[in-house]
Amino acid sequence: MLLLDNLKTKAMVRYESRFDLGNLPTDGKINMPRTTEPSFRQSVDMMFEKAVSLMDLSSGLQEKIRVCNSTYTVRFGVKLRGDIHTFTGYRAVHSEHKEPVKGGIRFATSVNQDEVEALAALMSYKCALVETPFGGSKGGLHIDPNAWEPDEMERITRRFAYELIKRDLIHPSQNVPAPDMGTGEREMAWIADQFRRMNTTELNSEACVTGKPLNKGGIAGRVEATGRGVQYALQEFFRHSDDIKAANMKGTLDGKRVVVQGLGNVGYHAAKFLSEEDGCLITAVVERDGAVVDDKGLDIEELSHYIRTHGGVNGFFSGEYVENGAAVLEKDCDILIPAAMEGVINLSNAERISTKLIIEAANGPVTAGADEILRKAGVVIIPDMYANAGGVTVSYFEWVKNLSHIRFGRMQRRKEEANNILLIKELERLVGKPVSDDFKSKFFQGAGELELVRSGLEDTMRGAYQSMQQVWHSRNDVDSLRTAAYLVSLGRIADSYKALGL
Ligand code: GLU
């Protein structure tokens, strides 16, 4: 229940004085945050302050953890189409309590300093929560990637990377970027190649960036990792009866109605795995050009293929097309997965969101004000810093692979297989009956890289959920999984600083 209602913490008082909760627009349209809504960075800080007010940390240490250590802004020109075009990019380093610092590079027209700093802070908290040994960072380039041809994008990306590399803002032991919105394997391959050209004798150059293609030092399972992590997070949630009850739900994932906002890499993989492996019904997908709704459940593979070939969901052969996609975000469902942008669930629509559980596959999709409204309405939110941590977790495995210069499983796989064959042969001899071929084929094979990556990811997601869930239920001043996640994460960062005598 509303455990913090009577608790006037510093953060709550500050929060209440900032929002005008009684005056929400009811015209049925979802807008981006109203001007009264704090910025993304302020929103993250408010969540931080709410959690830190429940901790016993000196104000100096609180401030040290909260602030973004540095943000580098670069404006560079690239000659394209006969003219010089100037681009603005950022790399923010939030916390260097562990190095290298880690976090994606985003290419979008929404990129600005406030956004990269908020995202860098979330990276610090996320890495601490899932125990990847990194500080937090984030980069962004203000660009519309669709406005440029691939060879132009390559020149722009390499030039941006050059600016960051020469300042050690891309470096295997200092700062290791990864994909984010608008970037993927292709951009990471260009960045890695640019680093290698500028550091020709660096043995560990592949480890300067993660999310690379497999044949350029990438790792099996990185592309699916964030969506896979969302699946593991939900599977773990449904192992805890208290949590299912807190969300006013029953049963398992099987048959749950899921609305997904954004069928990019993260949304696509989460929706695909949940529908194909866990029996969820994806009853709506909200995209840029509107939404497609089908209460019987959408075929995600078909829909994703359609979006890639037609540029949107309009005209998809099954379900019903709804032009006002924003309204579909408010459609009644069991689980809502915002998997695109920050701030999509905000003061202007939070009261109309009709779900029991939100899992934040994107970074910052629920603003601080909306978070409060939803919590009071009994909606459980699985917070971004945990829910989308699958990406950085597998990035960690890729970085370790690059530093060790060997694929996971290469040494053990056949040994494991040989042991399993020996065991089954002996079993058959003792029992006098053959074991089925189906069992043999599954049991014999030793784990390859993909199986090991998935196993490491699942272990990480399960362990991190348990650490935050335990805090949520054991302290009656902790009102949400988000605050619990902050407490676990900030506790670890604080311990790391304290160990240095700060
Ligand atoms: N951009 C992803 C995130 O926000 C991945 C970061 C990484 O792998 O370093 O978590």
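Scroll up for the structure.
The shown structure was predicted, so the numbers you read here are calculated from the model rather than taken from an experiment.

Tallying secondary structure elements over the protein gives 18 helices and 13 strands in all. For 502 residues, the compact-globule formula gives about 23 Å, and the C-alpha radius of gyration of the protein, at 23 Å, lands near that figure. Across its three principal axes, the protein shows a C-alpha extent of roughly 75 × 60 × 55 Å. Here the protein holds 502 residues, and 58% of them are scored as buried. Excluding contacts between residues fewer than 6 apart, the proportion of contacts in the protein whose partners are at least 24 apart in sequence is 70%. Counting every atom, the protein has about 21,400 Å² of accessible surface; 49% of that belongs to carbon and sulfur. Both charge centroids of the protein, one from 62 positive and one from 69 negative side chains, sit 4 Å from each other.

Scanning the model with the defined rule gives 14 aromatic pairs in all. Both rings, one in phenylalanine 48 and one in tyrosine 125, keep their centres 6.0 Å apart while their planes meet at 25°; by these two values the pair is stacked. Here phenylalanine 48, found in helix 2 (residues 40–52), pairs with tyrosine 125, found in helix 4 (residues 113–129); they are 77 residues apart in sequence, far enough to count as distant. Of the two residues examined, phenylalanine 48 and tyrosine 125, each falls in the buried class. With a centroid separation of 5.9 Å and an interplanar angle of 15°, the aromatic rings of phenylalanine 76 and phenylalanine 160 are classed as stacked. Of this pair, phenylalanine 76 sits in strand 1 (residues 70–80) while phenylalanine 160 sits in helix 5 (residues 150–165), and the two are 84 residues apart along the sequence. Using a relative accessible area of 1% as the deciding quantity, one classes phenylalanine 76 as buried. Feature note: the residues Phe76, Phe87, Trp148 and Phe160 constitute an aromatic cluster, connected by ring pairs. Positioned above the aromatic ring of phenylalanine 273 is the side chain of arginine 228, whose terminal nitrogen or guanidinium carbon lies 3.5 Å from the ring centre.

In this section: the site of the ligand. Around the ligand there are 14 residues in total, and Lys102, Lys126, Lys138, Asp180 and Ser395 lie nearest to it. Separating a nitrogen atom of the ligand from a side-chain N or O atom of aspartate 180 is a distance of 2.7 Å. With respect to the ligand, the side chain of arginine 222 contributes an N or O atom lying 3.1 Å from an oxygen atom. Considering the ligand on its own, with 300 Å² of exposed area, one finds that the protein chains cover 95% of that surface. Of the residues contributing to the shell around the ligand, the split by class is four nonpolar, five polar and five charged.

The next subject is the packing of helix 2 against helix 4. Between helix 2 and helix 4, whose axes approach to 7 Å, the crossing angle comes to 30°. By the angle class used here, helix 2 and helix 4 are roughly parallel. Contacts between helix 2 and helix 4 involve Phe40, Arg41, Val44 and Phe48 from the former and Asp114, Glu115, Glu117, Ala118, Leu119, Ala121, Leu122 and Tyr125 from the latter. A breakdown of the residues in the contact of helix 2 with helix 4 according to their chemical character gives eight nonpolar, no polar and four charged.

On to the nonpolar core, then. Grouped together as the largest cluster of nonpolar side chains are 92 residues, with contacts concentrated most on Ile65, Tyr125, Ile335 and Tyr486. In terms of residues, this core owes the most to one element, helix 18 (residues 481–498), which gives ten residues. With residues near it in sequence (within four places) discarded, tyrosine 486 still touches Val44, Met47, Phe48, Ala51, Leu122, Tyr125, Met385 and Gly491. Judged by nonpolar contacts, the second largest core, of 28 residues, contains Tyr72, Met153, Met188 and Ile191.

A cluster of nonpolar side chains, Leu427, Leu430 and Val431, forms an exposed patch at the surface whose accessible area comes to about 300 Å². As for its position among the elements, leucine 427 is in helix 15 (residues 413–431). Leucine 427 sits in the partly exposed class, given a relative accessible area of 42%.

Okay, the sheet that holds strand 11 (residues 335–338) next. Pairing within the open sheet is mixed, and its seven strands lie in the order 10-9-8-7-11-12-13. Of all strands in the sheet, those bounded by a partner on one side alone are strand 10 (320–322) and strand 13 (380–382). Mean inter-strand twist for the sheet, computed between neighbouring axes without regard to direction, equals 20°. Where strand 9 (residues 290–293) lies against strand 10, three bridges are found, and the strand directions are antiparallel. Looking across to strand 10, one finds that alanine 291 is bridged to valine 322.

Tallying each qualifying case throughout the model produces 46 salt bridges. Notably, a salt bridge pairs glutamate 372 with lysine 50, separated by 3.5 Å at the nearest N-O pair. Of this pair, glutamate 372 sits in helix 12 (residues 368–376) while lysine 50 is found in helix 2, placing the two residues 322 residues apart along the sequence. Glutamate 372 sits in the buried class, given a relative accessible area of 3%. The exposure class of lysine 50 is buried, given its relative accessible area of 8%. Glutamate 154 serves as the salt-bridge partner of arginine 158, at 2.9 Å between the closest nitrogen and oxygen. One end of the pair is arginine 158 and the other is glutamate 154, both in helix 5 and four residues apart, which spans about a single turn. Judged by its relative accessible area of 13%, arginine 158 falls in the buried class. Connected through salt bridges with shared partners, the residues Arg41, Asp45, Glu63, Arg66 and Glu117 form a single ionic network.

This part takes up the side chain of serine 395. Within the fold, serine 395 resides in helix 14 (residues 390–404). For serine 395, a relative accessible area of 1% gives the class buried. A distance of 3.0 Å separates a polar atom in the side chain of serine 395 from a polar atom in the side chain of arginine 222. In this structure, serine 395 is in contact with Lys102, Ala178, Thr210 and Arg222, ignoring residues within four places of it in sequence.

Reading guide: rules and limits
- Residues numbered from 1 in each chain as written.
- Predicted model: local features only at pLDDT ≥ 70, side-chain atom pairs only at ≥ 80, totals over all residues.
- Heavy atoms only, no water.
- Helix = DSSP H or I, 4+ residues; strand = E, 2+ residues; numbered from the N terminus.
- Rg over C-alpha atoms; globule rule 2.2 N^0.38 Å.
- Buried < 20%, exposed > 50% of the residue type's maximum accessible area, 1.4 Å probe, protein only.
- Contact = heavy atoms within 4.5 Å.
- Areas by Shrake-Rupley, 256 points an atom, 1.4 Å probe, with all protein chains shown as cover.
- Lys, Arg positive; Asp, Glu negative; His and termini not counted.
- Charge placed at Lys NZ, Arg CZ, Asp CG, Glu CD.
- Phe/Tyr/Trp six-rings, centres within 6.5 Å; stacked < 30°, edge-to-face > 60°.
- Lys NZ or Arg CZ within 6 Å of the ring centre and 35° of its normal.
- Near = heavy atom within 4 Å.
- Polar contact = N/O pair within 3.5 Å; in protein donor to acceptor, adjacent residues only side chain to side chain.
- Nonpolar A, V, L, I, M, F, W, Y, C, P; charged D, E, K, R; others polar.
- Axes fitted to C-alpha atoms, helices over the stretch in contact; angles between N-to-C directions.
- Parallel < 35°, antiparallel > 145°, perpendicular 65-115°, else oblique.
- Core = buried A, V, L, I, M, F, W, Y, C linked by side-chain atoms within 4.5 Å.
- Patch = residues over 30% accessible without salt bridge, like charges linked within 9 Å, V, L, I, M, F, W, Y side chains within 5 Å.
- Salt bridge = Lys/Arg side-chain N within 4 Å of Asp/Glu carboxyl O.
- Pairing = 2+ DSSP bridges.

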